[in-house]
Amino acid sequence: MLRAHEVSVHFGGVRAVDRVSLDVPDGAAVGLVGPNGSGKSTFLNALTGVVPATGRVEIDGHTLPFGKPRAIRQCGLARTFQTPQNFTELSCIENVLLSDSDRRLTGLGGSWVLRPAMWRHERQRWKRAIETLDRVGLAPLAEHSSAGLSYGQQRLLELARGLIGEPSLLMLDEPSAGLNATETVRLAEILKQVHAQGTSLLVVDHKIDFIDSLCDQIVVLQLGQVIASGSPDAVWRDPQVVEAYLGEA
Amino acid sequence: MPGSSTDAALARPPIYRRQQYLGLLGVGLISFGLLSIVQSKFAYGLMQQWAIFSILGLGFYLVFGLGGQFAFSQGAFFGLGAYSSAWATRNLSFLWGVGAAIIIGCLVALVFAIIVFRADHFYFAIGTMAFSFIAIVVFREFTAFSRASGEVVGIPKPQIANHAFNTDYKLSALLIVFMLLALLLVILVERSPLRREALALNHHSQVASTLGIPTGKLRLLMFVLGSGFAAVAGALQAHRTGSLSTEQFSVQLSIDIFLILLLGGIGSIYGPLLGAAFVVWAPEQMRFIANYRGIIYGAVLIIVMILFPKGLVGIFEALWRLIRGKRKTPEDGLDPLAFDEAAIDGGANAARP
């Protein structure tokens, strides 16, 4: 379970995230929504150590170190980015392999000395990577350059990269952005399967239908602060949320 | 899936499908083939310098080509290796000298890399340039075993187990063996997870760290490795020439090392070998134009870089493709300098939104 307590992010004098507290119980799918500039992505960046933050974040009772992305990843938190951040000089399978939590003999020792053992681990990693690519429908493109993928495929590749380590919590930053209706439905189906298999989700997105179809709880941010949280029905009826999205009547 | 040509069950990173060991064999055959037809002392000299510069270039491939660190310190580590081996072989054998060069070169590189750990990109480049200037001053002023101005003479020719490499042919053969060993070590890195992690570090270190890659450790490793290669090259240079002076390790050398990689091809392990051949061979062919040599050499460099953005290795790749009558494969886009958005799915919406 992820528990964020009074997380704040400052950029100079600007308070982008202001004492945000949020829980993601085991197996839950939580949506994080809000108007542009409300601090959703910054909050994810804070949780994954990409920007400096204050407050406290715990996962399964262990306090996460702020500003240490690698240590946070090792605690079982994986993420995708607002714009797909794939490595275009690598193939699809290599992109996924980068995120495998089995890092045995990936260094110089495996490269120069313990090669037979390195190959054994590497073959297991390939197998896992292919299985993960298969989950998002990209297995046939495993050896292709990720530079040639369509935008929708790039999204799926990044998702596969997040999934390979069997993370306890997958954080998705606007996963449906730039996708057409068909691709969005396909993505929602994949994420539902991921969720059904026990991975908790924290999803930032602007598409209300997408969020509603996926999440059992929604948290709304405005100007870096939580203004509402609860079930989708309750949240969308909240006057503060209506005002934040539509303005005062 | 459109464009699918791979059996997913057998899929693996395409780098493992490349025939690097055959490439190593080919380089070995060509090198020893050339050596067997070489006659003159001058040609032997060029071959020896090519082998040493190739090791230097392979080291820089690890630092810059894979690790993405813009380091001007390769020349300094080349000098450090040369002086270390010259110092060690006053009492010890040649191989101990090379060993001393590796240990001292790697240790100094590690300490330096830790000191400038937080410096990124241009700051790191400036730091390495400053290190080079400091190193030259130290070579010049530290006269415990060298003459004034850092001159060392009488460095013995290589000798391994009572076998002296004291003829041009033997010395050239030894240097080629060292070059092939260096190439083998780089191939082993290429055919391992280290390559993809270094490239991830190179192209987006922050994203790489969110994937669990130890970016700091990896950056140190690639820098120390490349510097170690430079130190070995320096040690070989010392025993080849038999004498040292600080002029050998000037800023011009660091520029030449950049040229070796950029001209040869930054995205290929064979690039440094081709680049080193060009840097060693081309200036010698232009001696007849005396005063205009610098201008012509510069112009040739610019033309090569414009016509062959993938470096000289790109010419060979194009020729190879022509010979095999083969179209581009899906993995052709994997070269850091080859970006083909249309390779899969028409690429029509690759840049959306």
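Residues numbered from 1 in each chain as written. Chains lettered and ligands numbered in written order. Predicted model: local features only at pLDDT ≥ 70, side-chain atom pairs only at ≥ 80, totals over all residues. Heavy atoms only, no water.

### Digging into the overall build of chain A
Helix and strand counts for chain A stand at ten helices and ten strands. What you see for chain A is a C-alpha radius of gyration of 19 Å, in line with the 18 Å of a compact globule of 249 residues. Projecting the C-alpha coordinates of chain A onto the three principal axes gives extents of approximately 65 × 40 × 30 Å. The buried share of chain A, taken over its 249 residues, is 59%. Within chain A, contacts between residues at least 6 apart in sequence are counted, and of these 64% link residues at least 24 apart. If you sum the accessible surface of chain A, you get close to 9600 Å²; carbon and sulfur atoms cover 51% of it. Positive and negative charge centroids in chain A, built from 24 and 28 side chains respectively, lie 9 Å apart. (Helix = DSSP H or I, 4+ residues; strand = E, 2+ residues; numbered from the N terminus. Rg over C-alpha atoms; globule rule 2.2 N^0.38 Å. Buried < 20%, exposed > 50% of the residue type's maximum accessible area, 1.4 Å probe, protein only. Contact = heavy atoms within 4.5 Å. Areas by Shrake-Rupley, 256 points an atom, 1.4 Å probe, with all protein chains shown as cover. Lys, Arg positive; Asp, Glu negative; His and termini not counted. Charge placed at Lys NZ, Arg CZ, Asp CG, Glu CD.)

### Examining the overall build of chain B
On a plain count of helices and strands, chain B comes out with 13 helices and four strands. For chain B, the proportion of its 353 residues judged to be buried stands at 53%. Of the contacts formed within chain B by residues at least 6 apart in sequence, a portion of 76% connects residues at least 24 apart.

### Overview of helix 1 (residues 20-37) of chain B
Residues and elements named next belong to chain B. Taking 1.5 Å of rise per residue, the 18 residues of helix 1 would be expected to cover 26 Å, and the 26 Å separating its terminal C-alpha atoms lies within 8% of that figure. Looking at helix 1, one finds that the buried residues are Gln20, Gly23, Leu24, Val27, Gly28, Ser31 and Leu35. Seen end-on, helix 1 carries its buried residues on one side only, within an arc spanning 140 degrees. Of the exposed residues in helix 1, the ones pointing more than 90 degrees away from its buried face are Leu22, Leu25, Leu29, Ile30 and Ile37. The inward-facing, buried residues of helix 1 abut helix 2 (41-66), helix 6 (168-190) and helix 11 (271-285). (Expected span 1.5 Å × (residues − 1). Arc of directions from axis to C-beta.)

### Some thoughts on the pairing of strand 9 (residues 217-222) of chain A
Residue and element names in this part refer to chain A. Relative to strand 9, strand 3 (residues 29-33) runs parallel, the two sharing four bridges. Bridging across to strand 9, Val33 finds its partner in Val220. The antiparallel pairing of strand 9 with strand 10 (residues 225-230) creates a hairpin that spans two residues between the two strands, and Leu223 there sits at a positive phi of about 50 degrees. (Pairing = 2+ DSSP bridges.)

### A look at the pattern of salt bridges
Applying the stated criterion to the full structure yields 22 salt bridges over all chains. A:Asp23 is the salt-bridge partner of A:Arg3, the closest N and O atoms lying 3.4 Å from each other. Residue A:Arg3 is located in strand 1 (residues 2-11), and its partner A:Asp23 is located in strand 2 (residues 14-24); the two are separated by 20 residues in the primary sequence. A:Arg3 gets classed as partly exposed once you look at its relative accessible area, which sits at 40%. One salt-bridge network, in which partners are shared between bridges, spans A:Asp100, A:Asp102, A:Arg104, A:Glu122, A:Arg125, A:Arg128 and B:Arg196. (Salt bridge = Lys/Arg side-chain N within 4 Å of Asp/Glu carboxyl O.)

### Observations regarding the interface of chain B and chain A
The partner chain A presents 52 residues to the 56 residues of chain B that form the contact. For the chain B and chain A pair, buried surface summed over both sides reaches about 4800 Å², with 62% attributable to carbon and sulfur atoms. Put simply, B:Glu197 and A:Arg103 hold a salt bridge, and the shortest N to O gap is 2.6 Å. The interface formed by chain B and chain A holds 15 residue pairs in polar contact (both at pLDDT 80 or more) in total. Of all the secondary-structure elements, those providing two or more residues to the side of chain B that touches chain A are helix 6, helix 7 (193-203), helix 8 (205-210) and helix 9 (215-241) of chain B. (Buried area = accessible area lost by both parts, 1.4 Å probe. Polar contact = N/O pair within 3.5 Å; in protein donor to acceptor, adjacent residues only side chain to side chain.)

### Observations regarding the sheet that holds strand 3 of chain A
All names here are of chain A. As summarised here, the arrangement of the six strands in space is 6-7-8-3-9-10, forming an open sheet in which the pairing is mixed. Sheet topology places strand 6 (77-79) and strand 10 at the edges, where each strand pairs with a single neighbour. Neighbouring strand axes in the sheet, compared pairwise and without regard to direction, differ in orientation by 20 degrees on average. Along the sheet, helix 1 (residues 40-47) contacts strand 3, strand 6, strand 7 (169-173), strand 8 (200-204) and strand 9; its crossing angle with strand 7, the most-contacted strand, is approximately 145 degrees. (Axes fitted to C-alpha atoms, helices over the stretch in contact; angles between N-to-C directions.)

### Section: helix 3 (residues 74-88) of chain B
The first and last C-alpha atoms of helix 3 of chain B sit 21 Å apart over 15 residues, in line with the 21 Å expected at 1.5 Å per residue. Buried residues dominate helix 3 of chain B, accounting for 14 of its 15 residues.

### So, the confidence of the model for chain B
Residue and element names in this part refer to chain B. Of the residues in chain B, 89% have a pLDDT of 70 or more, and the chain-wide mean is 87. Counting contacts from residues 1-5, a segment whose pLDDT is below 50, to residues more than four positions away or on other chains yields 13 contacts. When the criterion is pLDDT under 50, residues 335-353 qualifies, and its contacts beyond four places in sequence or with other chains add up to 44 contacts. For this predicted complex, the interface confidence comes out at an ipTM of 0.93, alongside a pTM of 0.90. (pLDDT = per-residue confidence, 0-100.)

### Structural notes on a nonpolar patch on the surface
Together, B:Ile102, B:Ile103, B:Leu107, B:Leu110 and B:Ile114 give the surface a local cluster of nonpolar side chains, amounting to about 440 Å² of exposed area. If you trace the backbone, B:Leu110 turns up in helix 4 (residues 94-115). (Patch = residues over 30% accessible without salt bridge, like charges linked within 9 Å, V, L, I, M, F, W, Y side chains within 5 Å.)

### Some words on the sheet that holds strand 4 (residues 54-59) of chain A
Residue and element names in this part refer to chain A. Read from one edge of the open sheet, four strands run 2-1-4-5, paired in antiparallel fashion. The outermost strands of the open sheet, each flanked by one partner alone, are strand 2 and strand 5 (62-63). Relative to strand 4, strand 1 runs antiparallel, the two sharing five bridges. Of the residues in strand 4, the one forming a bridge with His5 is Arg56. The sheet contacts of helix 1 involve strand 1, strand 2 and strand 4, and relative to strand 1 the element is tilted by about 110 degrees.

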